[in-house]
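Coordinate analysis (summary)
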Amino acid sequence: MGFEEQEGVYDTRIEAEETVAECEGKADPIFHELNGVEGLQVEDILQMEFCTPEEARCFYNSYSRLKGFATRQGKKVPNKVGEIVRYTFVCNRQGFRDKKWLEMADRKREHKVVTHCGCLAEMRIKRKDGSGKWYVSRFLDNHNHELVAGKYVDYLRSHRGLSDVEIAHLTSLREVGISIPKIYQSFAAQVGGFNLVRFTKQDMYNEVRKQRSLQNGDVNAAVRYLEGVARVDNRMYWRYTLGQDNNMCDLFWSDGRSQLDYGIFGDVLAFDATYGRNKYNLLVVVFSGVNHHNQTCIFGAAMVSCETQESYIWVLEKFLECMEGKPPNAVITDGDPAMRIAIHEVFPEAHHRLCAWHLLRNATSNICDPRFTHLFRQCMLADLEVHEFEAHWDAMLDECGVREVDWVKDLYRRKHAWATAYIRGRFFAGIRTTSRCESLHAKLGRFVESRYGILEFVTNFQRCIDFLHDNEDELDFRSSYGTPVLQTEFVELEKSGWTKYTRKMFFRYRETLRRCVRVKICHCDVSDSGEVCFGRVACLSDDDFKDYSKKILSDALRLEMKHGLRTAEETVVSVSDVGMKDPIHVRTKGTRRLSQPSATMGKKHHKCRAEPSGGRRCRPPKSVLMDSGNRIVPQADQCALMWVLATMHVVLLNPFYG
């Protein structure tokens, strides 16, 4: 028996043409013949013809799937004019691994398992002269290795892969910030299980890496993206700097709508640097402000390689150039030295305010005295005059003994950047800290990830900006649609505020209007011309105003009843007017706290030290006198007269009490 018969090699020379079915498509060209592929013998395969080499490859790959092995393309033989006349498709375990890879001494990664074992299984096709079809000239089906079980076949390389539709779906989901594992779960849910997915997560990562390699560099792809946006938005602005070896160092960009927002809301500018938002670990600086809905709006963004004075100066200069030379009136930062110097150089007329939260944190870390932190907070945020601030500051230094501390001296020299007494009258749009920046960074974290490159970061950052713009448009619609329900006595003032403000700001305006009508005049002076000057006023809160009103009315009725000015029948109050409340829960010994409903729980009681047993005295609920008509009758209070005399001035000095 010859060698070819031992190995099962068959070589044919087909001269006559045979009639075959025409190929119906390239996507699945021969799947209509695979219903009986399990019963195909070697002789049957040698009689087959294919319209294209791709059709032959699909057939052999499907055949290998049923048998339990993977395939790959082998040698291609051209003719004299360069046309391919022979294709060879082999088992994936054909050949051997080169010894130099096995004997490498300084290898850092672990060796991959050896899969090539010299398998000789293959299928060879040749082109027939004249017809253009391809016939099987050689087919070897003997393997020198074990075949894979059916449930593991989908893990072989030639049987895995993403179709064009799946690649398009993967790309679209990645563009909206969905991670690869989540996308893989989405594919599994669509096909009915993970075992039915024809690819793995690693295949998806490989496809993403392949797409990135076709972009000719991450930065170049980002620049091309910005150029594409500029074709739609003619106000799109971006600039970048290059370092050694033409590596990108800094990048700044701002779209047209962000520039329009700055032209309207750019009086106050807040910005802060954040780390860990991209795979290059570049710092991300986001310029933000407050719009007419009291929402954070973005004016621009930058990525810088280092937190130096030169980098911040370049970024602020490009920001000023982008905004047509309009500087902000106020800037709020965390107090970084390089940032502070850059602001004074590029925005010399802007008032630089330091973040109150960072100052309190620095006070805690530098002084380590809770008393100092508490007193410093009062000096910084309390509504004091300049002379009052100086007095409080000196008292704090003496009390805490920090008059000679260098950090405290430097903090006092910068008092115009943080003390309310010195920055009163300047507009900061209600911003005292960089908490808006921190909140914006947290919101940005839902769109970008630390593994993103420049292109992915820029595209997803623009998605975040579009999301904020969409929220602003929705609030614009809600502010213009419908009319409010007026709730104050000053109808014209409230109606005027609704027509001039957005809904969010109108609610704040109405709350301010309510507070303005509850003012207690503590001191007033009359000038020589007869004008009344209010020296100091104090506002009452809603709860205090209601409590004082109810208490005064109740005590007045008690006093009139006590001195015979009003009878009991005239002063009785029905239960429905007062509002009956649930009784106070009385806890007895052994009662479990968790077994009681939360709605009936009383206040937490501490142990009474006066009792020998260390327990507490259980006080029963206060008794209430009720007549035959089930109505509550107020009791006379011996101390009510003194209390009314002490609190009656609230009513007398409030002209709106009624």
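In this text the structure is predicted, and so the values were computed from the model without any measurement.

What counts, and at which threshold
Residues numbered from 1 in each chain as written. Predicted model: local features only at pLDDT ≥ 70, side-chain atom pairs only at ≥ 80, totals over all residues. Heavy atoms only, no water. Phe/Tyr/Trp six-rings, centres within 6.5 Å; stacked < 30°, edge-to-face > 60°. Helix = DSSP H or I, 4+ residues; strand = E, 2+ residues; numbered from the N terminus. Buried < 20%, exposed > 50% of the residue type's maximum accessible area, 1.4 Å probe, protein only. Lys NZ or Arg CZ within 6 Å of the ring centre and 35° of its normal. 1 Å grid on protein atoms, 1.4 Å probe; cavity = no way out; pocket = protein on both sides within 12 Å on 5 of 7 lines; lining within 4 Å. Points joined across faces, edges and corners; volume = space filled by probe spheres on them. Nonpolar A, V, L, I, M, F, W, Y, C, P; charged D, E, K, R; others polar. Polar contact = N/O pair within 3.5 Å; in protein donor to acceptor, adjacent residues only side chain to side chain. Core = buried A, V, L, I, M, F, W, Y, C linked by side-chain atoms within 4.5 Å. Contact = heavy atoms within 4.5 Å. Pairing = 2+ DSSP bridges. Axes fitted to C-alpha atoms, helices over the stretch in contact; angles between N-to-C directions. Right-handed = clockwise from strand over helix to strand, strands pointing away. Salt bridge = Lys/Arg side-chain N within 4 Å of Asp/Glu carboxyl O. pLDDT = per-residue confidence, 0-100. Parallel < 35°, antiparallel > 145°, perpendicular 65-115°, else oblique.

Another point: the packing of aromatic side chains. Where two aromatic rings form a pair, the distance of their centres and the angle of their planes describe that pair. Evaluated as defined, the whole model comprises 35 aromatic pairs. Relative to Phe-461, the ring of Phe-457 has its centre 5.9 Å away and its plane inclined at 20°; by these criteria the two rings are stacked. On the criterion of helical spacing, the pair formed by Phe-457 and Phe-461 is a turn pair, its members being 4 residues apart in helix α18 (residues 454-480). Between Phe-506 and Tyr-509 the ring centres are 6.4 Å apart and the planes differ by 35°, which places this aromatic pair in the tilted class. Of this pair, Phe-506 and Tyr-509 both sit in helix α20 (residues 503-516), 3 residues apart, roughly one helical turn. The buried category is assigned to Phe-506, whose relative accessible area is 0%. Put simply, the rings of Tyr-237, Phe-252, Tyr-262, Phe-271, Phe-287, Phe-299 and Phe-319 touch in pairs and so form one group of aromatic residues. One Lys or Arg, Lys-326, reaches over the ring of Tyr-262 and ends 5.5 Å from the middle of that ring. Here the guanidinium or amino end of Arg-353 rests over the ring plane of Phe-428, the centre of that ring lying 4.8 Å away.

Taken as a whole, the largest pocket holds about 1,600 Å³ of empty space. In this structure, the largest pocket is lined by 44 residues; those nearest its centre are Leu-156, Arg-157, Ser-158, His-159 and Arg-160. Here the lining of the largest pocket takes 6 residues from helix α3 (residues 53-67), the largest share from any one element. For the lining of the largest pocket, the class distribution of residues is 14 nonpolar, 13 polar and 17 charged.

As for its placement among the helices and strands, Asp-154 is situated in the loop between β5 (134-140) and α5 (164-175). Here Arg-65 takes part through its side chain, which lies 2.3 Å from a polar atom of the side chain of Asp-154.

Core analysis: the largest hydrophobic core is formed by 31 residues, its most contacted members being Phe-252, Phe-271, Phe-287, Phe-299, Phe-319 and Phe-347. Ranked by the residues each element gives to this core, the list is headed by helix α10 (residues 309-322), at 8 residues. Setting aside anything within four residues of it in sequence, one finds Phe-271 in contact with Val-285, Val-286, Phe-287, Leu-316, Val-331, Ile-332, Thr-333, Met-339, Ile-343 and Cys-437. Judged by nonpolar contacts, the second largest core, of 28 residues, contains Val-223, Phe-461, Ile-465 and Leu-468.

Here the focus is the sheet that holds strand β12 (residues 351-354). Reading across from one edge, β6-β7-β10-β9-β8-β11-β12 is the order of the 7 strands in this open sheet, with mixed pairing throughout. Sheet topology places β6 (237-242) and β12 at the edges, where each strand pairs with a single neighbour. For this sheet, the mean angle separating the axes of adjacent strands, direction not counted, is 20°. As paired elements, strand β8 (residues 268-274) and strand β9 (residues 283-290) share 5 bridges and run antiparallel to each other. Counterpart to Ala-273 in the pairing with β9 is Val-285. Sheet strands touched by helix α17 (residues 435-444): β8, β9 and β10 (296-304). Its angle to β8, the strand with the most contacts, is close to 55°.

Here we come to the pairing of β12. Taking every second residue as pointing to the same face, both faces of β12 are buried, with His-351 and Arg-353 on one and His-352 and Leu-354 on the other. Sheet topology note: the strand β11 (residues 330-333)/β12 ladder contains 4 bridges and is parallel. In the sheet register, Ala-330 faces β12, and the bridge partner there is His-351. Assessed by its sense of winding, the connection that carries the chain from β11 through helix α11 (residues 337-346) to β12 is right-handed.

Hydrogen bonding along the main chain pairs the strands of a sheet, whether they run parallel or antiparallel. Ordered by their spatial adjacency, 5 strands build an open sheet running β1-β5-β4-β3-β2, and the pairing between neighbours is antiparallel. The sheet is open, and its two borders are formed by β1 (49-50) and β2 (71-78), each paired with just one other strand. By the bridge criterion, 5 bridges tie strand β3 (residues 84-91) to strand β4 (residues 122-127) in an arrangement that is antiparallel. Counterpart to Tyr-87 in the pairing with β4 is Ile-125. Running over the sheet, α3 touches β1, β2, β3, β4 and β5 and is turned about 15° from β3.

Our focus in this paragraph is empty space enclosed by the protein. As enumerated under the stated definition, the model contains 3 cavities of 30 Å³ or more in all. As a volume, the second largest cavity reaches approximately 40 Å³. As for the second largest cavity, its lining consists of Asp-261, Cys-297, Ile-298, Ile-465, Leu-468, His-469 and Glu-472. Within the residue set of the lining of the second largest cavity, elements represented by two or more residues are β10 and α18. In terms of residue count, the dominant contributor to the lining of the second largest cavity is α18 (4 residues).

Here the focus is unusual backbone geometry. Residue Asn-281 is not a glycine yet carries a positive backbone phi of 60°. Checked against the element boundaries, Asn-281 lands in the loop between β8 and β9. You can call Asn-281 partly exposed: its relative accessible area is 47%. A positive phi angle, close to 55°, is found at Ala-429, a residue other than glycine. As for its placement among the helices and strands, Ala-429 is situated in the loop between α16 (420-423) and α17.

Another point: the pattern of salt bridges. If the charged atoms of two oppositely charged side chains come close together, the side chains can form a pair. Applying the stated criterion to the full structure yields 23 salt bridges. Between Arg-127 and Glu-83 there is a salt bridge; the shortest N-O distance is 3.0 Å. Of the two residues, Arg-127 sits in strand β4 while Glu-83 sits in the loop between β2 and β3, which places them 44 residues apart along the sequence. Among the residues examined, Arg-127 registers a relative accessible area of 31% and is labelled partly exposed. Among the charged side chains, a network of salt bridges with common partners joins Glu-122, Arg-124 and Arg-138.

This next bit is on the confidence of the model for the chain. Per-residue pLDDT for the chain averages 77, and the proportion of residues at 70 or more is 75%. Here residues 574-578 is modelled with pLDDT under 50, and outside its nearest four sequence neighbours on either side it reaches 7 contacts, counting other chains as well. Every residue in residues 593-603 is under pLDDT 50, and counting partners more than four places away or in other chains gives 7 contacts.

Direction vectors running N to C along helix α14 (residues 386-400) and helix α15 (residues 406-413) enclose 175°, while the axes themselves pass 13 Å from each other. Judged on the interaxial angle alone, α15 and α14 are roughly antiparallel. Contact residues: α14 offers Phe-389, Glu-390, Trp-393 and Leu-397, while α15 offers Val-408, Leu-411 and Tyr-412. Class assignment of the residues belonging to the contact of α14 with α15 gives a composition of 6 nonpolar, no polar and 1 charged.

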